[in-house]
Amino acid sequence: MSKRDYYEVLGVAKNASEAELKKAYRRLAMKYHPDRNTGDAAGDTEQKFKEAKEAYEILSDPRKRSAYDQFGHAGVDPNMTGNPGDFGDGPGGFSDIFGEVFGDIFGGRGGQRVQRGADLRYDLGLTLEEAVSGVSKQIRIPVAISCKACGGSGAKKGSAPVTCSTCGGQGKVRIQQGFFSLQQTCPTCRGRGTIIKDPCHVCNGSGRVEDQKTLSVKIPPGVDSGDRIRLSGEGEAGEQGGPAGDLYVQVVVQEHPIFSRQENNLYCEVPISFVTAALGGELEVPTLVDGKLKLKIPEGTQTGKLFRLRGKGVQPVRGGPVGDLLCRVVIETPVKLTERQKEILRQFEEELNGGEHHSPQSSNWLDRLKKFFSE
């Protein structure tokens, strides 16, 4: 007997959203659940219930739904795809899906709830030198840690949490309402399955105490602002022995007085004198990794000229070629001139005006200006 189309089973369109799939499944599950159907019709309704459950399991999983949309039942049939585990009763199987959607209505798997500790964030300021070269940092953080007096159990030393008498250690209680068997979190133990009759006097039964913790954080070369380093298990301790959360170290790179960074390149401005720009020369420029380097300034250099020093930038933290250092020269106008210096400059100006065109940019600008007014 061929299987019905899964969309037809749930009564939804092929572009149905996740919410629409869940709503359709709830409606059918309530209608065909075995607890609500007895007698001669029980066998037929049970089959319809299983059919709806299978359709929802496939269509609620984006990967399986895509395979089904492309190849139909053949794309998700374990006997044809070689993946029978996808349909098992383990993680992601029918029982998990059913428990997630209807656990509080028909009674999914019970069990104690262990609360994981909260994740923490720490903003770590670095200089540009530290970010480029990498560094190890010691950080001190306030954190809730497991109570040593009770070993994190929350119970006084020499005693232990006892099984909750209300839920029998399941963390959930069942309430019968007509056709439905409702399951909800146990109000006595709040889902833990145990209660503490004699709490620890140090942590007052929480299993955690506030403390300061010092950690060593290794910062790899090439990090930038916004990068995060995850320290697993270094967050807050969980309540009553629950697992600890994680600590996320967020990198914040401080501004540098000389260099600015754009991705893997470094930029800096280098002031040069009018004479050096005109006659050429050599300058020493700093780098973050190789100390000082010589930069040759050619004769007739104009302000704004960019000089590229290849491989003197930043090594990317995730691999790839090293960036460059780009030096932008800025011609500095001399100030506080003496009368003699001013006179020399006037004579120099006269010399320039009497000979060839020594200012190509000014000449081009004047030519464009004349053309503009003549049109």
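So, here's what we can say about the structure.

Parameters at a glance
Residues numbered from 1 in each chain as written. Predicted model: local features only at pLDDT ≥ 70, side-chain atom pairs only at ≥ 80, totals over all residues. Heavy atoms only, no water. Core = buried A, V, L, I, M, F, W, Y, C linked by side-chain atoms within 4.5 Å. Buried < 20%, exposed > 50% of the residue type's maximum accessible area, 1.4 Å probe, protein only. Contact = heavy atoms within 4.5 Å. Helix = DSSP H or I, 4+ residues; strand = E, 2+ residues; numbered from the N terminus. Salt bridge = Lys/Arg side-chain N within 4 Å of Asp/Glu carboxyl O.

1. Quick look at the nonpolar core
Then step 1. One finds I139, L247, V249 and C327 to be the most contacted residues of the largest nonpolar core, which totals 36 residues.
Then step 2. Sequence-distant contacts of V249, defined by excluding residues within four places in its chain, comprise Y122, L124, I139, V217, D227, R228, I229 and L231.

2. A short note on unusual backbone geometry
Then step 1. The phi dihedral of E263 falls on the positive side, at around 55°, and the residue is not glycine.
Then step 2. Along the chain, the position of E263 falls in the loop between β10 (260–262) and β11 (265–273).
Then step 3. Exposure remark for E263: the relative accessible area of 68% places this residue in the exposed category.
Then step 4. A positive phi angle, near 55°, is found at K336, a position not held by glycine.
Then step 5. Note that K336 resides in the loop between β15 (325–332) and α9 (339–353).
Then step 6. The class of K336 is exposed, set by a relative accessible area of 83%.

3. A look at the pattern of salt bridges
Then step 1. Across all of its chains, the model carries 20 salt bridges by this definition.
Then step 2. With its nearest N and O atoms 3.5 Å apart, the salt bridge here joins E343 to R346. Here E343 and its partner R346 are both found in helix α9, 3 residues apart, which amounts to about one turn of the helix.
Then step 3. If you follow the salt bridges from partner to partner, you end up with R116, D119, R230 and D246 in one network.

4. Side note on the environment of G152
Then step 1. When you line up the elements, G152 lands in the loop between β2 (135–146) and β3 (162–163).
Then step 2. Using a relative accessible area of 1% as the deciding quantity, one classes G152 as buried.
Then step 3. As for G152 and G238, which are separated by 86 residues in sequence, their C-alpha atoms are 8.5 Å apart.

So, to be careful, I would describe these as geometric facts and stop short of saying anything about function.
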